[in-house]
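The residues making up each chain are set out below.
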Protein chains: 2
Amino acid sequence: MAETSSDAVVAALTESLGDLVITDPALRAQKAQDRSYHPGEPPLAVVRPSSTEEVAAAVRICSLHNTPVVPRGSGTGLEGGSTTSAQSICLDLSPMDQVIEIAADDMYAKVQAGVMKSSLNTALQPHGLMFPVGPGVDASVGGMTSTSASGTTAVSYGTLKENVIGLTAVLADGTVVTTGGITKKSSAGYDLTHLLVGAEGTLGVITEVTVKVHPIPETAQVSIWSLPTLAAATELVVAALRSSLRIARVELLDELTIGALADHNGMTFPVAPTLMVEFEGNDADVAAQFAQFSALAGTYAATLADQATDPAESARIWQARHDALPASLSLIPGSTPMISDVCVPISRLAEAVLAAKQDVDEAGLIAPIVGHVGDGNFHVAYVLPPEDVETFEKAKAINQQVVARALEAGGTCTGEHGIGSGKVTSMAEEHASAIPAMLAIKQALDPQNIMNPGKVVPDTGL
Amino acid sequence: MAETSSDAVVAALTESLGDLVITDPALRAQKAQDRSYHPGEPPLAVVRPSSTEEVAAAVRICSLHNTPVVPRGSGTGLEGGSTTSAQSICLDLSPMDQVIEIAADDMYAKVQAGVMKSSLNTALQPHGLMFPVGPGVDASVGGMTSTSASGTTAVSYGTLKENVIGLTAVLADGTVVTTGGITKKSSAGYDLTHLLVGAEGTLGVITEVTVKVHPIPETAQVSIWSLPTLAAATELVVAALRSSLRIARVELLDELTIGALADHNGMTFPVAPTLMVEFEGNDADVAAQFAQFSALAGTYAATLADQATDPAESARIWQARHDALPASLSLIPGSTPMISDVCVPISRLAEAVLAAKQDVDEAGLIAPIVGHVGDGNFHVAYVLPPEDVETFEKAKAINQQVVARALEAGGTCTGEHGIGSGKVTSMAEEHASAIPAMLAIKQALDPQNIMNPGKVVPDTGL
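If you're wondering where the values come from, they're calculated on a predicted model, not measured in any experiment. (Residues numbered from 1 in each chain as written. Chains lettered and ligands numbered in written order. Predicted model: local features only at pLDDT ≥ 70, side-chain atom pairs only at ≥ 80, totals over all residues. Heavy atoms only, no water.)

Peer 1: So what exactly am I meant to see when it comes to the overall build of chain A here?
Peer 2: Across its full length, chain A holds 17 helices and 18 strands. Taking 2.2 N^0.38 as the reference for a compact globule, 462 residues should give roughly 23 Å; the C-alpha atoms of chain A span a radius of gyration of 22 Å, in line with that estimate. C-alpha extents for chain A along the principal axes are approximately 75 × 55 × 40 Å. Across the 462 residues that make up chain A, the buried fraction comes to 60%. With an accessible surface of roughly 15,700 Å², chain A has 54% of that area assigned to carbon and sulfur atoms. On chain A, the mean spot of the 25 positive side-chain charges and the mean spot of the 51 negative ones are 3 Å from each other. (Helix = DSSP H or I, 4+ residues; strand = E, 2+ residues; numbered from the N terminus. Rg over C-alpha atoms; globule rule 2.2 N^0.38 Å. Buried < 20%, exposed > 50% of the residue type's maximum accessible area, 1.4 Å probe, protein only. Areas by Shrake-Rupley, 256 points an atom, 1.4 Å probe, with all protein chains shown as cover. Lys, Arg positive; Asp, Glu negative; His and termini not counted. Charge placed at Lys NZ, Arg CZ, Asp CG, Glu CD.)

As structure tokens, this is what we get:
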């Protein structure tokens, strides 16, 4: 029987990388998609490299065979960024789990792409340092970097964009580039680091990441505030951001989320638009900030529902926020999520959330809303019952409306989840004038269009 | 007489843009170079647009005539980024001086590229807001963006990279792109904003910039500390950065700078390695931080030389720091500066500064040293007497040694001044593995190589 070209690429990979190349059907099926509703097809093979050189070898072979390469971190993506096609190779970077360097005095850490955020923090903790940026779910540093992720701490520590200072990446022809460096700043040359952050593997496979790390604060205090209206909640946040307060985190949870958390986590707070607010610093500083915020909160008729400085109790409260998605999914057994991730100027947040809520209610959907309100970023989590095409289509339509409304308000179709395959059309609409330049860059760096094709930018049709 | 091709481009520009096109020899000579020692040749003409559309028209015509376009802000560059060649057109963006929008609640401002930092701050002040990022000298927002500038506040507010959220730019074919947006974060598509920040007009002409703005702090306190040694100074700064203190600014001045300031500004401090430290916040917060820092400073044998919270007195002290360069130049009448701008990991700063000092002393040069020590960025200001080739060559050699040593220490050849024409070779050495990708991007976006050719990246020889 003649060897097909798919056989050929797998054979060549196996010859080069041996048992790092896995064709077991169960593993291929498992690595075909992320946590979202976007369907994938099992790839030709899963390659599990543990070094940049092995990634380079794999990409070089895929380039020779004109075979798509889909890099994958921990697989927690929500927009299909790591879904594979039947003719592609999944590059599973999770074996790249080494913390390469912790430079405590210079406050950076260099890790392989597959290192999980939790592992990095475990390694940093003895140095009194932390890497606070990222989603509630544990995720790989490479994956977070590739999607330009952020999470609850972006309001104070920034996103991955502000925290990645250097990268190692494998380009489409298998060459290895190092970008940026280990210094806190540089004006030297084109900022390839930021070009790769958020490119979701479409311009190169990120294999190593250097991130800024931060001192662990002496004290952190979380407080829970119930607000009379959503508008009052966003107005309070704007006032706080414009004051001398330094807000470490501020999260919005809607009534439905509060209800879901009561069922799922036993966290019972008044069913109202709710803010979770955190201050950091030393004891006196945190107490002073909390007092200042409390006075401000009073003027917006906010009432204090709970507060904690004890680390275990704080962690329990924050876990509730991070469990918002599973709690929401538990509202319908067996459900999967579709999630809006728009970001708008904060002054437009209340109207955007209220309009989304109205859409959801009118369509009879179940879709709790949470928001990184200090950034103007909010999520509508459409809970999709299994095999329910009608609800799926309704959710998709509302998701599109939410995005359209965000773009009208000067916002973006994705604050932190990335484009993947799910938001390509929205991205092209949002950045219409810049698409030709994006495609020119894609073509320049990946002329065969083998790097995670079909993701982020509209397909060039090569 | 036959029309030369230079005549043709000027004629076409004039036909399109009328008296925005100026061929007056005095103006052309004046716009031929920046504040550095890098020589320029008077361009064919100076075009002074006041809108993006006029920039686009000019670039389109230059593209048709294959004529280099050199954008220029306030001309305060230090690496020849805006020097013109005899066959080029200078695009003087200083007439683009309109503040387009101040969104106080959403804390961003959108300005034309020629708006000066001081003008932006004047416009922001009534809103209780400020744009704190940038060099000591007043400069245009577009110019600062193009060089990825920073200055004394980078340690707390970041550089232009962390503060620019969106751009309008004219690409090499005259098309207009808008990148980024007005939200605090986005994961939507390739980060063209950061690709253009620091590209010094080699990939496109930045015509509008959207920046984050920040609340004016209630109180700011500057204090001056004399240290026994340079190493003690950097160790104190590392300890402070790793503590719960939030340092707003921390600057290092060497003995020679302190001496020059005494002569030039009448600021008399003990002649010793000196730190200027600033804390911001409300009164109680600033007092608490100052007390905490004072205790820490004592353990490094630092002594307090001065301090101020009064805004006028603070401004006077900070003006001294911003006058470090003119004060240094006043050491030799009629001199011009050459300035090293390396950035190293902070743990390597003391050795890097000491080695530079030794080089300078051995060569018998006059070259005060100041540093944005919280970032590991320092400047050696070689004071060049007029028409003194020997000193110039000595300074150039030492500058190269300072850069080489910084690269060996994992540093960068430029923390904030950019590459211009002066650091192209150093940049290519620093980012050797990334040069092919940078050139591929340059070629993709500027196939004729008309956008500020010869700057930032090695010439493609097109």
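Next comes the rest of the write-up.
Peer 1: Got a minute to help me understand the interface of chain A and chain B in this structure?
Peer 2: Much of the literature gives interface size as the accessible area that the parts lose upon coming together. With 82 residues of chain A at the interface, the matching set in chain B holds 82 residues. In total, chain A and chain B occlude about 6,200 Å² of area from one another, counting both sides; carbon and sulfur atoms represent 58% of this. For the pair chain A and chain B, the interface holds eight salt bridges. With its nearest N and O atoms 3.6 Å apart, the salt bridge here joins A:D375 to B:K185. Elements supplying a minimum of two residues to the side of chain A that touches chain B: helix 7 (160-163), strand 9 (176-180), helix 8 (192-196), helix 9 (230-242), helix 11 (283-298), helix 16 (424-430) and helix 17 (435-445) of chain A. (Contact = heavy atoms within 4.5 Å. Buried area = accessible area lost by both parts, 1.4 Å probe. Salt bridge = Lys/Arg side-chain N within 4 Å of Asp/Glu carboxyl O.)

Peer 1: What exactly am I supposed to notice about the UniProt feature "domain: FAD-binding PCMH-type" (unreviewed entry) in chain A here?
Peer 2: Residues given the UniProt feature "domain: FAD-binding PCMH-type" (unreviewed entry) here are residues 39-216 of chain A. The span residues 39-216 of chain A shows a helical share of 23% and a strand share of 25%, and its end C-alpha atoms are spaced 40 Å apart. (UniProt positions renumbered as here; feature names shortened; annotations may be inferred.)

Peer 1: Explain the relation of the copies chain A and chain B here, please?
Peer 2: Mapping between the two copies of the chain is achieved by a rotation about an axis and a shift along the axis. Mapping chain A onto chain B is achieved by rotating through 180° and translating by 0.0 Å along the same axis, at an RMSD of 0.0 Å. Each copy turns onto its partner about a two-fold axis. Interface residue correspondence from chain A to chain B reaches 100%, placing this contact among same-surface, isologous pairings. (Least-squares fit on C-alpha atoms with pLDDT ≥ 70 in both.)

Peer 1: Sorry, what's going on with the packing of aromatic side chains here?
Peer 2: In this description, an aromatic ring pair is defined by two values, namely the gap between the centres and the angle between the planes. Taken as a whole and judged by the stated rule, the model has eight aromatic pairs over all chains. Measuring from ring centre to ring centre gives 6.1 Å for A:W225 and A:F290, while their planes differ by 45°; the resulting arrangement is tilted. Of the two residues, A:W225 is situated in strand 12 (residues 219-226) and A:F290 in helix 11; the sequence distance between them amounts to 65 residues. Exposure remark for A:W225: the relative accessible area of 4% places this residue in the buried category. A relative accessible area of 15% means that A:F290 is categorised as buried. Measuring from ring centre to ring centre gives 5.5 Å for B:Y37 and B:F392, while their planes differ by 70°; the resulting arrangement is edge-to-face. Taken together, the residues span a long stretch of sequence, with B:Y37 in the loop between helix 2 (25-30) and strand 2 (45-47) and B:F392 in helix 15 (residues 389-408) at a distance of 355 residues. Counting every residue linked through ring pairs, the aromatic cluster contains A:W225, A:F279, A:F290 and A:F293. A cation over a ring is seen here: A:R249 above A:W318, with NZ or CZ 3.8 Å from the ring centre. (Phe/Tyr/Trp six-rings, centres within 6.5 Å; stacked < 30°, edge-to-face > 60°. Lys NZ or Arg CZ within 6 Å of the ring centre and 35° of its normal.)

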